[in-house]
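Architecture and fold: a report
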Amino acid sequence: MMNIVRCDIEGPLILEPEVFGDERGFFMESWNAEKFAAAGLNMAFVQDNHSRSQEGVLRGMHFQNPGPQAKLVRVVNGAVYDVAVDLRRSSPTFGKWKGVELSAANKRIFWVPQGFAHGFLTLENDTDLLYKCDAAYTPSNEHSLAWDDPEVGIEWPTQGLQIQLSTKDREGKSLSEVEAFVWKS
Ligand SMILES: Cc1cn([C@H]2C[C@H](O)[C@@H](COP(=O)(O)OP(=O)(O)O[C@H]3O[C@@H](C)C(=O)[C@@H](O)[C@H]3O)O2)c(=O)[nH]c1=O
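Residues numbered from 1 in each chain as written. Predicted model: local features only at pLDDT ≥ 70, side-chain atom pairs only at ≥ 80, totals over all residues.

- Under an unreviewed UniProt entry, the name given to the chain is dTDP-4-dehydrorhamnose 3,5-epimerase, and the organism recorded is Aurantiacibacter zhengii.
- You can read under Pathway (unreviewed entry) in the UniProt record for the chain the words "Carbohydrate biosynthesis; dTDP-L-rhamnose biosynthesis." (UniProt positions renumbered as here; feature names shortened; annotations may be inferred.)

1. Here's the deal with the environment of Ser 90
- Here Ser 90 is to be found in the loop between β8 (79–86) and β9 (97–103).
- Ser 90 sits 94 residues away from Lys 184 along the chain, and the two C-alpha atoms are 6.5 Å apart. (Helix = DSSP H or I, 4+ residues; strand = E, 2+ residues; numbered from the N terminus.)

2. Quick look at the sheet that holds strand β5 (residues 47–53)
- Spatial ordering of the open sheet is given by β1-β2-β10-β7-β12-β5, a layout of 6 strands whose pairing is antiparallel. Two strands in the sheet have a free side with no partner beyond their single neighbour: β1 (3–6) and β5. Averaged over neighbouring strand pairs, the angle between their axes works out to 20 degrees when direction is ignored.
- As paired elements, β5 and strand β12 (residues 127–133) share 7 bridges and run antiparallel to each other. (Pairing = 2+ DSSP bridges. Axes fitted to C-alpha atoms, helices over the stretch in contact; angles between N-to-C directions.)

3. A few points about the pairing of strand β3 (residues 19–22)
- Bridge count between β3 and strand β4 (residues 25–28): 4 bridges; the pairing is antiparallel. Residue pairing in the sheet places Gly 21 in a bridge with Phe 26 of β4.
- Hairpin connection between β3 and β4: a loop of 2 residues separates the two successive antiparallel strands.

4. Overview of the site of the ligand
- Taken together, Asn 49, Ser 51, Arg 59, Gly 60, His 62, Lys 71, His 118, Gly 119, Phe 120, Tyr 137, Ser 166 and Lys 168 make up the full set of residues adjacent to the ligand.
- Looking at the shell around the ligand, the elements with two or more residues in it are β5, β6 (58–64) and β11 (116–122).
- Split by residue class, the shell around the ligand holds 2 nonpolar, 7 polar and 3 charged. (Near = placed C-beta within 6 Å. Nonpolar A, V, L, I, M, F, W, Y, C, P; charged D, E, K, R; others polar.)

5. Here's the deal with the UniProt feature "active site" (unreviewed entry) in the chain
- The UniProt record annotates "active site" (unreviewed entry) at His 62 and Tyr 131. Taken along the chain, the residues just named run across 70 residues; in space they keep tight, none of their C-alpha pairs more than 13.7 Å apart.
- Along the chain, His 62 falls in strand β6.
- Once residues lying within four places of it in the same chain are set aside, the contact partners of His 62 are Ala 117, His 118, Gly 119, Glu 142 and Ser 144.
- Looking at the element boundaries, Tyr 131 is found in strand β12.
- Residues contacting Tyr 131, with those up to four places away along its chain left out, are Asn 49, Lys 71, Leu 72 and Val 73. (Contact = placed C-beta atoms within 7 Å.)

6. Quick notes on unusual backbone geometry
- Omega for the peptide link from Gly 60 to Met 61 comes to -5 degrees, which places this bond in the cis form.
- Tracing the chain through its elements places Met 61 in strand β6.
- The omega torsion of the bond from Asn 65 to Pro 66 falls at 0 degrees, within 30 degrees of zero and hence cis.
- When you line up the elements, Pro 66 lands in the loop between β6 and β7 (71–77).
- Phi angles above zero are rare outside glycine, and Lys 107 is one such case at about 55 degrees.
- Turning to its location among the elements, Lys 107 is positioned in the loop between β9 and β10 (109–112).
- Classification of Lys 107 as partly exposed rests on a count of 18 C-beta atoms within 10 Å.
- Notably, Asp 126 is not glycine yet its phi reads approximately 50 degrees, a positive angle.
- With respect to the element layout, Asp 126 can be found in the loop between β11 and β12.
- Its 11 C-beta neighbours within 10 Å are what place Asp 126 among the exposed residues. (Buried ≥ 20, exposed ≤ 12 C-beta atoms within 10 Å, placed from the backbone.)

7. Observations regarding the environment of Ala 79
- The residue Ala 79 is located in strand β8 in this model.
- We classify Ala 79 as buried; it has 20 C-beta atoms within 10 Å.
- Taking the C-alpha atoms as reference points, Ala 79 and Phe 120, separated by 41 residues in sequence, lie 9.8 Å from one another.
- Among all residues touching Ala 79, those that are not within four sequence positions of it are Glu 101, Ser 103, Leu 123, Glu 124 and Thr 127.

The following block contains the structure:
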């Protein structure tokens, strides 16, 4: 049985799949349409992504609008601190964030619904992060919320890490600047 942990923000979920270990290694279902639908995750994925990052890489906080993407995120090598920021304009938790450690060891899967900005900080070298998306990548609709926006105030576990950002993410915007682009529902 998969364990489902709800968050204090309505929407994101932490999924803890059942892991079957034996002398060969382990087996787990990382996605099962019927079982995940029973948990309310009833969607058609259209894209699977894989990124590898070195320790201290911070990618985010990204969102698309129009064309919002829900994401099902997991780590198969290494570890990340993964964060979702609620950018649903009419949500009572607009601007609030949820962070969770995802690792090859804990095998947690993070469900980030549509209308959230998503990003992560890599805690180990050669961290492989896989995620499924329910809408295609459309770069012209993509926006970057600054990872360190003081109004959002994400508490990143940066201690001892040399943070590396893409050019795009160094130019991330503040919450008030991206507010014009967020999902209205
Ligand atoms: C995201 C993406 C990128 N690309 C290309 C564009 C670019 O040349 C190269 C690297 O893109 P980026 O710098 O945007 O990659 P990255 O910073 O890893 O972007 C990702 O960050 C995480 C936090 C997310 O949530 C994702 O949705 C996505 O935005 O890959 C695609 O072809 N398809 C895609 O779906």
